[in-house]
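# Examination of the molecular architecture
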Amino acid sequence: MLLACIVCAIGIYASFAVGRHAARASGKARIHWGVVNVVASGCTAWATHFIVLLAFEPHMPAAFEPFLTAVSLACAIIGIGAGATVSITDPRSPRQFLAGMIIGTGVAALHYIGQSAYLVQGTVSWDLELVVSSIAVSLPLFGLSMVAIANRNRRIRQCAAPLMLFAIALLHFCGMAAMTLRYDPSVAFPSDAVSPQAVTPVVAGVSLALIMLAVLGWRFDLAAKARLRQDRRRLRDLADVALEGLLITQSNVIVTSNSSIERLSGFAQDDLAGRHVSALLPHFDLAGLPEKEERETELVGATGQRIPVRVLRSEVPLGHKLQTVIAVRDQRERLRTEAKMRALAFNDSLTGLPNRASFYELLTLQTAVPADADKPFAVVLVDLDRFKQVNDTFGHLTGDTVLMQIADRLRALVKAGDVVARLGGDEFAVMHSGAQAEAACALCVGIVEACNSGTFVVDGQSIHLGASVGFALYPADGGAPAELLRNADLALYAAKADGKGTYRRYESALNDKTQERQALEAGLRRALTDGQLELHYQPLVDAKTGRIASAEALVRWRHPERGLVSPAEFIEIAEESGLIIPLGNWVLRTACAEAATWPANIGVAINLSPVQFRDKALASNVVSALKEAGLEPQRLELEITEGVLLMDEARTLHTLNHLRAMHVRISMDDFGTGYSSLSYIRKFPFDKIKIDQSFVRNIPHDAESVGIVRAIITMSACLGLPTTMEGVETAEQFGFAVSEGCSAIQGYFVSRPVPAAQLRTLLGHDTLCASVEGDGVGRSILADSRDEGLDSASSDELVLQHSATDRSINRYA
Ligand code: C2E
Ligand code: CA
Ligand code: CA
């Protein structure tokens with residue numbers, strides 16, 4: 001009995017070890033070791049049974065029937081093999097139960113067929129009732145035992161072995177008890193009967209084979225364990241490099257962890273091994289969390305502190321086993337950032353929006369959190385068009401109300417998590433999180449529409465605004481806050497250059513444009529020192545007499561490679577770079593000196609940029625230019641646009657009055673294009689109004705333009721102001737100007753701007769203008785007034801001049 005137990009135990013160990021090895025293997029090896037496992041299990045059952053039978057003492061000669069003996073072994077192997085096959089196809093309980101019943105049938109067949117192969121010299125009678133009931137009870141026990149093996153619960157799994165042992169014992173002892181032997185010397189053994197002495201070596205051989213198999217299985221197990229240890233060690237080494245905390249768990253018990261977890265929780269890695277996951281993450285339901293989905297929860301550290309974390313579960317095959325890896329991400333930094341963001345979010349007292357400094361800090365936070373480095377967002381800059389005029393015309397209170405309304409509209413446009421800020425003045429910014437280019441474009445369209453569409457109504461007055469928008473994407477268009485803001489600003493600038501009321505995304509070409517501008521600026525600086533600038537003069541004729549009354553000085557740049565460059569291309573750059581100051585002074589001095597050579601009744605008109613008014617020395621420069629040239633002040637006319645009056649009013653008005661006190665005349669250029677031109681002529685007593693070419697161009701076909709020009713002339717007449725119509729290109733326009741009572745006329749129809757020498761020739765002629773109905777239609781009516789280059793009379797140039805003038809008008813609009 002003892003020997004039977006030992007062989008049984010070794011056999012069971014061998015089968016299990018080989019079975020585990022089969023489970024770890026794959027392909028052919030798996031099938032191969034699976035068969036070995038089944039054969040080993042069958043042999044174990046068989047050998048155990050036959051050792052017990054050999055030990056039985058019937059007190060009469062006994063022998064074995066060889067065929068049935070072999071059949072009993074076959075039954076055991078087939079039964080276990082069939083049961084195992086059924087078992088692995090489906091883990092659910094009914095299948096396992098069926099598999100158990102099949103295995104039980106095999107084992108029962110082994111017992112009873114094996115027992116019937118046991119021959120004695122006498123008769124064998126069977127207690128059939130006991131046989132049947134032993135089978136009837138043991139088969140369900142086999143079934144239950146298999147169900148238990150497949151169960152997840154460890155306790156239930158542990159019941160499987162005793163259950164099966166009990167079922168086998170039941171079969172064995174009931175089988176022995178059901179058999180009654182009676183000695184009968186007349187009974188003879190069949191001729192092929194084998195004596196027990198002959199069976200013994202077979203049984204011993206099988207047992208030995210099982211022992212060898214057990215040793216092999218043991219080595220398999222050892223190797224597998226070593227591999228698992230190595231895998232875990234490697235994983236742990238790898239995990240230690242990870243910033244996130246990692247827990248490798250099996251059945252909710254921590255197997256290993258990484259050093260980040262140690263830092264995060266304060267528990268030593270060795271302390272954590274063997275602990276239940278809930279010791280660290282008490283509120284976390286691992287089974288309820290779908291794989292690869294993040295959850296927020298709390299981690300309880302060694303000192304009991306609660307740390308907000310994000311948890312992600314993932315199943316990883318490790319040493320032939322699926323293990324659960326839990327990634328734990330510390331959320332303290334993110335939450336701190338969010339709290340800081342919330343705190344920063346309100347500090348512009350007018351709109352309640354973050355200001356420039358806060359916005360910058362928010363950008364810094366957003367770009368600094370490394371875990372969010374892959375989250376794109378857009379920096380959108382918004383600049384209101386025409387806001388300055390609103391402020392000037394309606395007052396600061398109205399301007400403030402408009403700004404608040406804009407802030408509300410922007411807030412309504414963005415989604416939760418986005419930040420709207422007021423960078424200052426009429427400049428706003430939006431940090432649009434999670435944005436792709438399309439989403440950012442959609443937002444920009446929304447912003448442009450929200451600022452354009454619908455007038456703003458403040459105190460019953462409707463106000464038309466507009467917005468230009470530029471944006472840059474993080475991280476595609478820049479990684480650092482300063483870079484993002486600069487690039488978004490470049491895009492905004494480009495949007496404004498595109499004609500305002502539109503949006504642009506940053507692109508590297510904008511940088512190229514900046515470089516182009518910088519090159520142009522450097523070139524212009526050189527032009528100033530190298531004397532590449534020259535002045536052309538365009539005559540203005542008196543509408544009543546047809547004589548030249550004055551000439552407007554227009555600057556040109558004789559570029560060494562590009563030829564004559566239009567001021568429309570460089571005045572803006574000169575203004576932005578400050579070069580306009582020396583440039584303007586040069587124009588002033590040159591034009592005054594030139595005009596001093598003209599007949600005393602001919603005046604000279606000079607364009608002044610708004611930027612020149614920021615120069616405190618403007619008035620004294622004018623004085624010295626006049627003095628140097630010996631020109632009487634009343635012959636000088638300064639043309640200013642509304643842009644001048646948009647600036648610091650008190651100082652500008654002071655300068656203007658100062659100039660007027662010196663008898664210099666001031667005229668309002670490009671009248672009608674600005675936001676509220678009428679309010680400006682009230683502010684300052686101009687000597688003259690120049691009606692903008694954009695109205696003149698459409699005369700006489702466009703009724704609206706005709707109406708506007710008529711209204712301006714009538715209004716000016718009422719105020720006692722003379723008017724000049726500029727951009728007169730056709731005989732109809734000329735006729736219109738004369739008949740409507742304009743004082744002076746300027747335009748290609750009269751003459752293009754011409755170099756100084758050519759103007760002198762014009763002035764030398766008797767400068768009487770040809771009759772309007774004359775044959776000069778469509779070209780200059782002053783003899784030979786051809787300007788070279790820029791002002792030559794090709795039709796292309798004409799178009800260029802139009803668009804150039806459009807641009808200069810827009811600049812102030
Ligand atoms: P502006 O003061 O309105 O000057 C009139 C512009 O219209 C000139 O363009 C002139 O050539 C063009 N023009 C004159 N008659 C006609 C016409 O019949 N048809 C068309 N299509 N155009 C005509 P230009 O010389 O290119 O000057 C453009 C602008 O550049 C000027 O507009 C002025 O704002 C600015 N500018 C020119 N010289 C100076 C300067 O010395 N100082 C400053 N600050 N600005 C200047
Ligand atoms: Ca002008
Ligand atoms: Ca003009």
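Residues numbered from 1 in each chain as written. Chains lettered and ligands numbered in written order. Predicted model: local features only at pLDDT ≥ 70, side-chain atom pairs only at ≥ 80, totals over all residues. Heavy atoms only, no water.

Looking at an unreviewed UniProt entry, one finds the protein named Signaling protein and attributed to Caballeronia grimmiae.

Another point: the overall build of the protein. For the protein, the count of helices and strands is 28 helices and 26 strands. Taken over the C-alpha atoms alone, the protein extends approximately 170 × 55 × 50 Å along its principal axes. By residue count, 48% of the 813 residues in the protein fall in the buried class. Put simply, the protein shows about 38,100 Å² of open surface, and 58% of that area lies on carbon and sulfur atoms. (Helix = DSSP H or I, 4+ residues; strand = E, 2+ residues; numbered from the N terminus. Buried < 20%, exposed > 50% of the residue type's maximum accessible area, 1.4 Å probe, protein only. Areas by Shrake-Rupley, 256 points an atom, 1.4 Å probe, with all protein chains shown as cover.)

Around ligand 1 sit 25 residues in total, of which Gln-538, Arg-556, Gln-693, Glu-729 and Tyr-748 are the nearest. In this structure, an oxygen atom belonging to ligand 1 sits 3.0 Å away from a side-chain N or O atom of Asp-669. Within the side chain of Asp-670, a nitrogen or oxygen atom sits 3.3 Å from an oxygen atom of ligand 1. Against a free-state accessible area of 790 Å², the protein chains account for coverage of 98% of ligand 1. Elements with a minimum of two residues in the shell around ligand 1: strand S18 (548–559), helix H18 (567–577), strand S22 (665–671) and helix H28 (795–812). Of all the elements, S18 adds the most residues to the shell around ligand 1, at four residues. In terms of residue class, the shell around ligand 1 is made up of nine nonpolar, ten polar and six charged. (Near = heavy atom within 4 Å. Polar contact = N/O pair within 3.5 Å; in protein donor to acceptor, adjacent residues only side chain to side chain. Nonpolar A, V, L, I, M, F, W, Y, C, P; charged D, E, K, R; others polar.)

What follows is about the packing of aromatic side chains. To describe a pair of aromatic rings, you give the distance between the ring centres and the angle between the ring planes. Tallying each qualifying case throughout the model produces eleven aromatic pairs. Summarising the aromatic geometry, the rings of Trp-33 and Phe-220 are spaced 5.0 Å apart at their centres and angled 85° between planes, so their arrangement reads as edge-to-face. Of this pair, Trp-33 sits in helix H2 (residues 27–55) while Phe-220 is found in helix H7 (residues 196–241), placing the two residues 187 residues apart along the sequence. When sorted by exposure, Trp-33 lands in the same class as Phe-220, which is buried. Here the aromatic cluster, defined as three or more aromatic residues joined through ring pairs, consists of Trp-46, Phe-50, Phe-56, Phe-64 and Tyr-118. (Phe/Tyr/Trp six-rings, centres within 6.5 Å; stacked < 30°, edge-to-face > 60°.)

As annotated by UniProt and renumbered to match this structure, "domain: MHYT" (unreviewed entry) occupies residues 1–182. Across residues 1–182 one finds 80% helix and 8% strand; the C-alpha atoms that close the span lie 24 Å apart. (UniProt positions renumbered as here; feature names shortened; annotations may be inferred.)

Looking at the calcium ion (ligand 3), the protein donor atoms are Asp-669 (OD), Asp-670 (OD), Glu-726 (OE) and Glu-726 (OE), and they sit 2.2 to 2.7 Å from it. When the donors of the calcium ion (ligand 3) are listed by position in the chain, the intervening gaps give D-D-x55-E. Distance-wise, the calcium ion (ligand 2) is placed 3.9 Å from the calcium ion (ligand 3), both being coordinated by Asp-669. One end of the pair, Asp-669, is in strand S22; the other, Glu-726, is in the loop between strand S24 (723–725) and helix H26 (731–740), and 57 residues separate them in sequence. (Donors = N, O, S within 2.8 Å, 3.2 Å for Na, K, Ca; no water.)

Once that is clear, we can look at a positive patch on the surface. The grouping of Lys-225, Arg-229, Arg-233, Arg-234 and Lys-321 at the surface amounts to a positive patch. Among the elements that make up the positive patch, the one with the highest residue count is H7 (four residues). Tracing the backbone shows Arg-234 in helix H7. (Patch = residues over 30% accessible without salt bridge, like charges linked within 9 Å, V, L, I, M, F, W, Y side chains within 5 Å. Salt bridge = Lys/Arg side-chain N within 4 Å of Asp/Glu carboxyl O. Lys, Arg positive; Asp, Glu negative; His and termini not counted. Charge placed at Lys NZ, Arg CZ, Asp CG, Glu CD.)

This paragraph deals with the nonpolar core. With 82 residues, the main nonpolar core has Tyr-537, Trp-598, Val-622, Leu-636, Leu-638, Ile-691 and Met-725 as its most contacted residues. With seven residues, helix H19 (residues 580–595) is the single largest residue contributor to this core. Formed by 31 residues, the second largest nonpolar core is a distinct cluster that contains Ala-378, Val-390, Ile-463 and Leu-465. (Core = buried A, V, L, I, M, F, W, Y, C linked by side-chain atoms within 4.5 Å.)

Now for the packing of H2 against helix H3 (residues 66–89). Viewed as axis vectors pointing N to C, H2 and H3 meet at an angle of 140°, and their least axial separation amounts to 8 Å. Taken as axis vectors, H2 and H3 run oblique relative to one another. Note that H2 runs across H3; the crossing there is right-handed. Together, Val-38, Val-39, Ser-41, Gly-42, Cys-43, Trp-46 and Phe-50 of H2 and Thr-69, Ser-72, Leu-73, Ala-76, Ile-77, Ile-80, Gly-81 and Ala-84 of H3 make up the contact between the two elements. Here the residues of the contact of H2 with H3 sort into ten nonpolar, five polar and no charged. (Axes fitted to C-alpha atoms, helices over the stretch in contact; angles between N-to-C directions. Parallel < 35°, antiparallel > 145°, perpendicular 65-115°, else oblique. Left-handed = near helix turned anticlockwise from the far one by under 90°. Contact = heavy atoms within 4.5 Å.)

What follows covers the sheet that holds strand S10 (residues 377–385). Taken together, five strands build an open sheet; the order of strands is S11-S12-S10-S15-S16 and the sheet is mixed. Each having just a single partner strand, strand S11 (419–424) and strand S16 (503–505) make up the two edges of the open sheet. Taken over all neighbouring pairs, the strand axes of this sheet differ in orientation by 20° on average, direction set aside. Taken together, the seven bridges between S10 and strand S12 (residues 427–433) define a ladder with antiparallel strand orientation. Bridge pairing in S12 places Ala-378 opposite His-432. The sheet contacts of helix H16 (residues 481–497) involve S10, S12, strand S15 (466–474) and S16, and relative to S15 the element is tilted by about 145°. (Pairing = 2+ DSSP bridges.)

When the UniProt feature table is mapped onto this chain, "transmembrane region" (unreviewed entry) is found at residues 67–86, 98–118, 130–151, 163–183 and 203–224. Summarising residues 67–86: 100% helix, 0% strand, and an end-to-end C-alpha distance of 28 Å. End-to-end, the C-alpha atoms of residues 98–118 are 30 Å apart, and along that stretch the chain is 90% helix and 5% strand.

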